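Letter by letter, the chains look like this.
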Amino acid sequence: MSVYDLLTYEIIPQEIPNVIRNCSKCKRDTAFYCSEKFRVNSNQKMVAVWVIYNCTHCEGTWNFPILSRVHVNKINSELYTKFMDNDKETIWHYAFQFTHLRKLCNEVNTNIRYELREERLESKSNNLTIRFYCKYDFDLRIDKLLAEILGISRSNLKKLELDGMIMLNPNINIKKKIIDNLQVTVAGSI
């Protein structure tokens, strides 16, 4: 164990996931990338909002539906302004909605580049505590990330878990996807 035994990691995606779906212009399944723009249409007081995706081959578009025929009074005014201003953080929030994207696409490429921003704090504990923060839904397994950080194999990590040396808070399976505010405690030294 290092001198520092309280670590926090912020997981920062470096790109938006691409999707695979049928392109009406290419007449085949192809990759689409997020244009990082909203399309907002209104018909009197009813509003529809999409995130625009572009085909990587022909630049044809696909609109990922966010809101459909919602009365303008039922939309938070701050959120509506973000839609109109193409707010990057809001677009990224919707672009990481993997469950919704999977329903509308053939495939979602969740193997994206990310950066780990680390902060180390000293503690008087004999345990190593790691906290994970991620602003967006991430399709990254806890065991994969933890093995990378600890510098051990996944099989050694599994052995530590079976020996009761690794505890997750909230108590979820180590093979699940990483969630915001996850805390992992490793008892003793590795």
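Definitions and cut-offs
Residues numbered from 1 in each chain as written. Predicted model: local features only at pLDDT ≥ 70, side-chain atom pairs only at ≥ 80, totals over all residues. Heavy atoms only, no water. Helix = DSSP H or I, 4+ residues; strand = E, 2+ residues; numbered from the N terminus. Buried < 20%, exposed > 50% of the residue type's maximum accessible area, 1.4 Å probe, protein only. Pairing = 2+ DSSP bridges. Contact = heavy atoms within 4.5 Å. Axes fitted to C-alpha atoms, helices over the stretch in contact; angles between N-to-C directions.

Each neighbour pair has its own omega, and for N169 with P170 the value is 5 degrees, a cis peptide bond. For P170, the location among the structural elements is in the loop between β9 (166–169) and β10 (182–186). Of note in this structure, E36 is not a glycine but carries a positive phi near 60 degrees. If you trace the backbone, E36 turns up in strand β3 (residues 28–43). The phi dihedral of E59 falls on the positive side, at around 65 degrees, and the residue is not glycine. Note on placement: E59 falls in the loop between β4 (46–55) and β5 (61–71). Given a relative accessible area of 42%, E59 falls into the partly exposed group.

Right, let's get into the sheet that holds β5. The strand order across the open sheet formed by five strands is β5-β4-β3-β2-β6, and the pairing between neighbours is antiparallel. For this open sheet the edge positions go to β5 and β6 (107–108), each flanked by a neighbour on one side alone. As defined by bridge partners, β3 adjoins β4 across nine bridges and the pair is classed as antiparallel. Bridged to C34 within β4 is Y53. Against the sheet, helix α1 (residues 77–84) touches β3, β4 and β5, its axis set at about 125 degrees to β3.

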